[in-house]
Amino acid sequence: MSTTTTRGVARPASAKASPARPRRGLRGSSTFNFWLFTSPFLIGLTVFVYVPIGWSLWLSFFEARFTVTPSKFVGFDNYWQMLQDSKFTGSLVTFTVFAAFIVPTTWALSLGLALLVNRLRFMKAFFRSVFFLPTACSYVAAALIWKMSIFSGVRFGLMNTILGWFGVENIAWLANPDPPWYWLVIVTLRLWLQAGFYMILFLAALQNIPPELYEAAAIDGAKPGWQTFRHITLPQLRATSTAVILLLLIAAYQAFDEFYNLLAKTTWGRPPLVELYNTALGESQDYGEGSAGAVILTLLILIVTLAQGRFLGFGRGDDK
């Protein structure tokens, strides 16, 4: 061992600090940390999502009345029975029309709110919060407020009170399918609940647009307003618009809470999920046909979503 002398006294040389060794074992492994943090979510996702989906698909090929245990293989008979059910097929057609109306309406309202909030010079955070707050409200609670307070069929309802000021008689908004005033109730409720969330998505996309584009357009003589919106803002929002439309399409076909709470005792305006609920959990308790109907609805959503995504160019680069 080497030594050094200081004033004639031999002392051992100071050892150099050895570099820190990387931690070994499972605790120092990034793979272990990944599975440690994601395994609870993956377990819940598997147990409560993937297993029920797989079991529903398997159950759709069997006769399963009053039980979730398949008893007799029937092939595609459950699918054929559901496609022959006029209530189920009628609800699919009705909600295809509903989706064709509610999707562009919500898209336009959300984009309009985002444009207005983005142009504010003060209290931007306040108005952003005000428009976003309805998304935190429960669909069930909002449906009951719309049904019992705003669009109540009696003269004490808010809308009937306002219409009474102009001499209009009371309207039974949800009790009469002719004329179908119930669609006004459902559409306004859905717009109030969803517009704020998609406004936030558009607002984030608007804030990511480089201001140099607008400066260059102003130098080239473009007028602020419709010209800049059409040629700069709207093309820059293509990716966000595509994602918003796809999410709105899926949500339109999956509508259940507001329809069930608004029209639970009626026979019109029922969405596909309500028909599936009545088939599987109603008096018939036919889980085989209910599962087949769920698969049909899933395939319809998949087809419509893929067609819409292809039409809008989802996934393509900006240069294509």
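Structural data are supplied above this passage.
Every chain's residues receive numbers from 1 upward, in the order its sequence appears when written. A pLDDT threshold of at least 70 governs which residues receive local features in this predicted model, and a stricter bar of 80 or more applies before side-chain atom pairs are shown or counted, although totals over entire chains, interfaces and linings include all residues. The side-chain numbers reported here are obtained from all heavy atoms of the structure, hydrogens and water having been left aside.

Helix and strand assignments come from DSSP, with helices taken as H or I runs of at least 4 residues and strands as E runs of at least 2, each series counted from the N terminus. Scanning the chain from terminus to terminus reveals 13 helices and four strands. Contacts: residue pairs with any heavy atoms within 4.5 Å of one another. Of the contacts made within the chain by residues no fewer than 6 positions apart, 65% connect residues no fewer than 24 positions apart. Only the protein chains shown count as covering a residue, and every accessible area follows the Shrake-Rupley method with a 1.4 Å probe. Only carbon and sulfur atoms are counted for the fraction: they give 65% of the accessible area of the chain, which is about 20,700 Å².

Attention now goes to the packing of aromatic side chains. Any two aromatic rings considered together are summarised by their centre-to-centre distance and by the angle between their planes. Aromatic contacts are taken between Phe, Tyr and Trp rings whose centres are within 6.5 Å, Trp giving its six-membered ring; a plane angle under 30 degrees counts as stacked, one over 60 as edge-to-face, and the others as tilted. Applying the stated criterion to the full structure yields 21 aromatic pairs. On the basis of an interplanar angle of 50° and a centroid distance of 5.7 Å, the ring pair of Phe 76 and Tyr 79 is categorised as tilted. Burial classes: relative accessible area under 20% of the type maximum marks a residue as buried, over 50% as exposed, and values in between as partly exposed (1.4 Å probe, protein chains only). Given a relative accessible area of 59%, Phe 76 falls into the exposed group. The exposure class of Tyr 79 is buried, given its relative accessible area of 10%. Between Phe 151 and Trp 173, the ring centres sit 5.1 Å apart and the planes meet at 80°, which makes this aromatic pair edge-to-face. Taken together, the positions of Phe 151 in the loop between α5 (139-150) and α6 (158-165) and Trp 173 in the loop between α6 and α7 (182-207) put the pair 22 residues apart, joining distant regions of the chain. Take Phe 151: its relative accessible area is 5%, and that puts it in the buried class. For Trp 173, a relative accessible area of 2% corresponds to the buried category. Each residue in the set Phe 95, Phe 98, Tyr 182, Trp 183 and Phe 259 is aromatic and connected to the rest through ring pairs, giving one cluster.

This next bit is on the nonpolar core. To qualify as a nonpolar core, a set must consist of buried Ala, Val, Leu, Ile, Met, Phe, Trp, Tyr and Cys residues joined through side-chain atoms within 4.5 Å. In terms of nonpolar packing, the biggest core is built from 54 residues, with Phe 98 and Leu 262 touching the most fellow members. At the level of secondary structure, the elements contributing two or more residues to this core comprise α2 (77-84), α3 (86-119), α5, α7, α10 (238-253), α11 (257-262) and α13 (287-312). It is α7 that contributes the most residues to this core, 14 residues altogether. If we ignore the near neighbours within four places in the chain, the residues touching Phe 98 are Trp 183, Ile 186, Val 187, Arg 190, Ala 252 and Phe 259.

Structurally, Val 274 can be placed in helix α12 (residues 272-281). Residue Val 274 is classed as buried on the basis of its relative accessible area of 5%. Distance in space between the C-alpha atoms of Val 274 and Phe 259 is 8.1 Å, their sequence separation being 15 residues.

With that settled, the discussion passes to the pattern of salt bridges. Only one rule defines a salt bridge in this text: a Lys or Arg side-chain nitrogen within 4 Å of an Asp or Glu carboxyl oxygen. Summed over all chains, the structure comprises two salt bridges. In this structure, the salt-bridge partner of Asp 286 is Arg 65, at a minimum N-O distance of 3.1 Å. One end of the pair, Asp 286, is in the loop between α12 and α13; the other, Arg 65, is in the loop between β3 (62-63) and β4 (72-73), and 221 residues separate them in sequence. Owing to a relative accessible area of 6%, Asp 286 belongs among the buried residues under this scheme. Of the charged contacts, one joins Glu 258 and Arg 190 as a salt bridge, the two residues approaching to 2.1 Å between their closest N and O atoms. Taken together, the positions of Glu 258 in helix α11 and Arg 190 in helix α7 put the pair 68 residues apart, joining distant regions of the chain. The burial state of Glu 258 is the same as that of Arg 190; both residues are buried.

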